[in-house]
Amino acid sequence: MPAIEIRPDIYWIGVNDRTTDLFEGMWPITEEGVSYNSYLILDEKKALIDITRNTQEANLLAQLQGRLDCHELDYIVVNHMEPDHTGALRVLRSLAPQATILCSAKAQAMLKDYYGITDNVQVVADGETLSLGKHQLQFHMIPFVHWPETMATYETTEKVLFSCDAFGGYGALRGSIFDDQAVDLAHYEREALRYYVNIVARFSQPTLNAIKKLGGIEIAVVAPSHGLIWRRDTKRIIELYRQWALLATNQPDPGVTLIYGSMYGNTEAMMNAVAQGISRAGVPVEIFNAARTHASYILPSVWTHSGVMIGAPTYEVGLFTPMAEQLRYIIEKRISNRKAAFFGSYGWSGGALKTAKQLVEPLKWEWVETLEFQGRATLEQLAEGEAFGYRFAESLKPQQGVIPQ
Ligand code: FEO
């Protein structure tokens, strides 16, 4: 999409990436894509805010050169050093050596480490302002959203917040860039949650700090570096991020993420019985096959539900390997404060349950109940599994007289 004016003199000149399979080399985006939103302010001084990854540098340059010659650029604002926003910097520097890079003190050191850039770099301080003419930029440090050097840039005349990773999401832009034009807002919100849990969730407290810090600013447009630009309902994406960040410490709403794996269908048969019980209790349940679904899609469910049901067979006296892999992702994201239950089939000796409990021990999950069975479950055992699922779901409901957090 060619440049789009989002406010007078302020342009989105982002690029859609539909060819990268793995974001950060590990999170699948083959189907969804991602956008790297760059912005251009054309005033007496001309500023580019955020760049793009190296594989997209030609597309960014085409966007940029559609509006000005690189030699006319006065400033390049580097809000965040992760290479999805800076990969094209070396080429851009060679085409626009006169443009001063504006960044935080920590980013200055990283510019040298990543790109060997030391000249014409100006460090900005928290709260510092810079006039472009009619427009003025103000810089706000938001460390660890997502790296320690990260800042947000606020354009004070039109009240546009260039928030970089904060309030961003996966998903290449589908022909419109604004929240009020997106007919599939639910898709973008779902991808924003997946992005949050995959990329930002480990830094939930810094996210809350950033939201509090930026709360004193009047914001007319939230312009992140990934995903939709929010102008009709700026509070919506900020509040979603706040709610997601709070889940790092608060109990989510009642609901079950049921992750299962099965070698020959025996654990899967029990899974269906357990799911039946959960549904009978009227509690939402999302079901994922550990061997077939990337953790990227499972983590948002675990993050937003109070219960985790693990269904896995014993494999070589331990836990079914794809399930162990899923649990490692959950541990990496430090998703604690959950109720858990386990079921699974074993052939001649158990081991899956013991390994699962050992693996997630750092998360201090509350194990409500477990159910192991040998070989194929009988009809009686399946009925037991249904009741097991029901009881677990019931345990997630708020207790009478207890005020939820
Ligand atoms: Fe979009 Fe932390 O990079």
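Residues numbered from 1 in each chain as written. Predicted model: local features only at pLDDT ≥ 70, side-chain atom pairs only at ≥ 80, totals over all residues. Heavy atoms only, no water.

1. Structural notes on the domain arrangement of the chain
Taken as a whole, the chain is organised into domain 1 (4-246) and domain 2 (256-394). Put simply, the middle of domain 1 and the middle of domain 2, counted by C-alpha atoms, are 39 Å apart. Listed as interface residues are 14 residues of domain 1 and, on the opposing side, eleven residues of domain 2. Summed over both sides, the interface of domain 1 with domain 2 buries roughly 1200 Å², with 61% coming from carbon and sulfur. Considering only the surface of domain 1 that becomes buried against domain 2, Trp-27, Val-197 and Arg-202 emerge as the three largest contributors, covering 46% of it. Between domain 1 and domain 2 we count one salt bridge in total. The residue Glu-332 makes a salt bridge to Arg-202 at a minimum N-O spacing of 3.0 Å. Where domain 1 meets domain 2, there are seven residue pairs in polar contact (both at pLDDT 80 or more). Among the secondary structure elements, those contributing two or more residues to the side of domain 1 that touches domain 2 are strand 5 (27-28) and helix 5 (185-200). If one sorts the elements of the side of domain 1 that touches domain 2 by residue count, helix 5 sits on top with five residues. Of the residues assigned to the side of domain 1 that touches domain 2, the class counts are nine nonpolar, two polar and three charged. (Domains from an automatic or database assignment. Contact = heavy atoms within 4.5 Å. Buried area = accessible area lost by both parts, 1.4 Å probe. Salt bridge = Lys/Arg side-chain N within 4 Å of Asp/Glu carboxyl O. Polar contact = N/O pair within 3.5 Å; in protein donor to acceptor, adjacent residues only side chain to side chain. Helix = DSSP H or I, 4+ residues; strand = E, 2+ residues; numbered from the N terminus. Nonpolar A, V, L, I, M, F, W, Y, C, P; charged D, E, K, R; others polar.)

2. Details of the pairing of strand 18 (residues 285-289)
In terms of strand pairing, strand 17 (residues 256-260) meets strand 18 through five bridges, oriented parallel. Across the sheet, the residue bridging to Val-256 is Val-285, located in strand 18. In this region the chain leaves strand 17, passes through helix 8 (residues 266-280) and returns to the parallel neighbour strand 18; the handedness of that crossover is right-handed. (Pairing = 2+ DSSP bridges. Right-handed = clockwise from strand over helix to strand, strands pointing away.)

3. A few points about a nonpolar patch on the surface
On the surface, a nonpolar cluster with roughly 370 Å² of combined accessible area is contributed by Met-263, Tyr-264 and Tyr-315. Looking at the secondary structure, you find Tyr-264 in the loop between strand 17 and helix 8. Judged by its relative accessible area of 74%, Tyr-264 falls in the exposed class. (Patch = residues over 30% accessible without salt bridge, like charges linked within 9 Å, V, L, I, M, F, W, Y side chains within 5 Å. Areas by Shrake-Rupley, 256 points an atom, 1.4 Å probe, with all protein chains shown as cover. Buried < 20%, exposed > 50% of the residue type's maximum accessible area, 1.4 Å probe, protein only.)

4. Some remarks on the environment of Asp-119
With respect to the helices, strands and loops of the structure, Asp-119 is situated in the loop between helix 4 (105-115) and strand 11 (121-123). In this structure the C-alpha to C-alpha distance between Asp-119 and Arg-93, which are 26 residues apart in sequence, comes to 10 Å.

5. A word on the packing of aromatic side chains
Scanning the model with the defined rule gives 15 aromatic pairs in all. Seen in terms of ring centroids, Phe-144 and Phe-203 are 5.8 Å apart; in terms of plane orientation they differ by 25 degrees. Their pairing is stacked. With Phe-144 in the loop between strand 13 (136-141) and strand 14 (151-155) and Phe-203 in the loop between helix 5 and helix 6 (204-214), this residue pair connects regions lying 59 residues apart in the sequence. A ring pair is formed by Phe-343 and Phe-388, whose centres lie 6.4 Å apart and whose planes are at 85 degrees; its orientation type is edge-to-face. Highlighted residues: Phe-343 in strand 22 (residues 339-346) and Phe-388 in helix 12 (residues 379-396), separated in sequence by 45 residues. Relative accessible area serves as the criterion here: at 0%, Phe-343 is assigned to the buried category. Site record: aromatic cluster; members linked through ring pairs are Phe-167, Tyr-196, Tyr-241, Trp-244 and Trp-303. One residue, Arg-231, lies across the ring of Phe-178, its end atom 3.6 Å from the ring centre. Over the ring of Tyr-390 we find Arg-280, and its NZ or CZ is 4.1 Å from the ring centre. (Phe/Tyr/Trp six-rings, centres within 6.5 Å; stacked < 30°, edge-to-face > 60°. Lys NZ or Arg CZ within 6 Å of the ring centre and 35° of its normal.)

6. Details of the sheet that holds strand 12 (residues 129-131)
Overall, mixed pairing links the five strands, which are arranged 12-13-14-15-16 in an open sheet. On the outer flanks of this sheet lie strand 12 and strand 16 (221-224), each paired with one strand and no other. The average angle at which neighbouring strand axes cross in this sheet is 20 degrees, direction not considered. Both strand 12 and strand 13 contribute to a ladder of three bridges, which runs antiparallel. Across the sheet, the residue bridging to Ser-131 is Gln-136, located in strand 13. (Axes fitted to C-alpha atoms, helices over the stretch in contact; angles between N-to-C directions.)

7. Quick look at empty space enclosed by the protein
In total, this model carries one cavity of 30 Å³ or more according to the counting rule given. Put simply, the largest cavity is a space of about 50 Å³. Taken together, Phe-167, Gly-168, Gly-169, Tyr-170, Tyr-188, Ala-192, His-226, Gly-227, Leu-228, Trp-230 and Ile-237 make up the lining of the largest cavity. Of the residues belonging to the lining of the largest cavity, the class tally is seven nonpolar, four polar and no charged. (1 Å grid on protein atoms, 1.4 Å probe; cavity = no way out; pocket = protein on both sides within 12 Å on 5 of 7 lines; lining within 4 Å. Points joined across faces, edges and corners; volume = space filled by probe spheres on them.)

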